[in-house]
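# Results of the structural survey
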Amino acid sequence: MAGWAEQASFLAELDPDARRALETLKPMHVPARTTLFRPGDAAQSFVILLSGRIGVYLTGRNGRELLLYSVTPGETCVQTTLGVLGGAPYSGEAVAESDLVAVMVPPAIFETLMADSVAFRHFVFRAFADRLGDLMFVLEQVAFVKVKQRLALALIERADEEGHVALTHQELAVIIGTAREVVSRRLEALVSKGVVANERGQIRIINRAELARMARAADG
């Protein structure tokens, strides 16, 4: 995959020296469902994601999981950035939600780029700020938004063009920060209203307009 940095549109502003330094590194293919790091692990590299999607999860003492944020191409992982910059161990778990193509930037190269390349520094900190925004959104959703609204939004965001959502009730519960039983009850209510249909291994959206209305509805 020669010239991968030139093909990555989100790195278009990089100076030639930074691009050449990155292109000495070879992209890696990572299969779906691979665990990339676990709580307590030390950050070994800064990840530049070229394709696919990574989910970063937090597990509570009661064993319940919460999706903190997702990482897609052009975005970075808050925990990885903190780990490489400051040596902080991971507190969450990252899982490949699909097959990935990623470049692992060793700490030595990362530190050199951060020191010498203004454009690379801007990329890292701009993406870091975006992920912090995602974290604040999750906190707001869990603290102040009703489960039915969070579920409606999650279904809309994860549906394909034909309206199919290939997620289990447990996976949806993790995404919106609630229990699987709660999601199952809410989905049953949506099925009874003709908004969605439960199909084998997936959920199909029947009335997207009504689901979008529910996602936008004011809390209370």
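Residues numbered from 1 in each chain as written. Predicted model: local features only at pLDDT ≥ 70, side-chain atom pairs only at ≥ 80, totals over all residues. Heavy atoms only, no water.

With that settled, the discussion passes to the pattern of salt bridges. Think of it this way: side chains of opposite charge can pair up when their charged atoms draw near. Evaluated as defined, the whole model comprises ten salt bridges. Between R131 and E75 there is a salt bridge, and its shortest N-O distance comes to 3.5 Å. Placement of the pair is R131 in helix 5 (residues 118-144) and E75 in the loop between strand 5 (65-71) and helix 3 (78-86), with a sequence separation of 56 residues. According to the relative accessible area criterion, R131 is buried, its value standing at 3%. The residue E210 makes a salt bridge to R213 at a minimum N-O spacing of 2.8 Å. Taken together, the positions of E210 and R213, both in helix 9 (residues 208-216) and three residues apart, correspond to about one turn of that helix. Overall, the relative accessible area of 43% leaves R213 in the partly exposed class. A cluster of three or more residues bridged by salt bridges with shared partners is formed by R53, E97 and R158. (Salt bridge = Lys/Arg side-chain N within 4 Å of Asp/Glu carboxyl O. Helix = DSSP H or I, 4+ residues; strand = E, 2+ residues; numbered from the N terminus. Buried < 20%, exposed > 50% of the residue type's maximum accessible area, 1.4 Å probe, protein only.)

Further remarks concern the sheet that holds strand 9 (residues 196-199). Read across the sheet, three strands follow the order 8-10-9 without closing on themselves; strand pairing throughout is antiparallel. In this open sheet, the two edge strands, each paired with only one partner strand, are strand 8 (164-165) and strand 9. Both strand 9 and strand 10 (residues 202-205) contribute to a ladder of four bridges, which runs antiparallel. Counterpart to V196 in the pairing with strand 10 is I205. (Pairing = 2+ DSSP bridges.)

All of the buried residues in helix 3 are V78, Q79, T80, T81, G83 and V84. On its buried face, helix 3 sits against strand 2 (35-37), strand 3 (46-51), strand 4 (54-59), strand 5, helix 4 (107-116) and helix 5. Once helix 3 finishes, G87 follows within two positions and takes phi at roughly 80 degrees, a positive value. (Contact = heavy atoms within 4.5 Å.)

Once that is clear, we can look at the UniProt feature "domain: HTH crp-type" (unreviewed entry) in the chain. Taken from the UniProt record, the annotation "domain: HTH crp-type" (unreviewed entry) applies to residues 145-209. Structurally, residues 145-209 is divided into 54% helix and 15% strand, and its ends, taken at the C-alpha atoms, are 20 Å apart. (UniProt positions renumbered as here; feature names shortened; annotations may be inferred.)

Below, the discussion takes up the pairing of strand 7 (residues 100-105). In regular strands, side chains alternate between the two faces of the sheet. In terms of residue burial, strand 7 counts as a mostly covered element, since five of its six residues are buried. Bridging between strand 1 (residues 28-30) and strand 7 involves three bridges; their strand directions are antiparallel. What sits directly across from V30, in strand 7, is L100. Of the pairings in the sheet, the one linking strand 3 to strand 7 comprises five bridges and is antiparallel in character. Bridge pairing in strand 7 links S51 to V101.

Applying the stated rule across the entire model yields six aromatic pairs. Residues F37 and Y90 carry aromatic rings whose centres are separated by 3.5 Å and whose planes lie at 0 degrees to one another, so their mutual orientation is stacked. With F37 in strand 2 and Y90 in the loop between helix 3 and strand 6 (93-96), this residue pair connects regions lying 53 residues apart in the sequence. On the basis of relative accessibility, which here comes to 7%, the residue Y90 falls in the buried class. Relative to F123, the ring of F120 lies with its centre 6.2 Å away and its plane at 50 degrees, an arrangement referred to as tilted. A residue pair is termed a helical-turn pair when its members lie 3 or 4 positions apart in one helix, as F120 and F123 do in helix 5 at three residues. When sorted by exposure, F120 lands in the same class as F123, which is buried. An aromatic cluster of at least three residues, connected via ring pairs, comprises F10, F46, F110, F120 and F123. (Phe/Tyr/Trp six-rings, centres within 6.5 Å; stacked < 30°, edge-to-face > 60°.)

This part covers the pairing of strand 10. A one-sided burial pattern is seen for strand 10, the buried positions being I203 and I205 and the unburied ones Q202 and R204. Sheet topology note: the strand 8/strand 10 ladder contains two bridges and is antiparallel. The residue of strand 10 that forms the bridge with V165 is I203. Taking the residues that link successive antiparallel strands as the turn, the strand 9-strand 10 hairpin has two residues, and the phi of G201 there is positive, at about 75 degrees.

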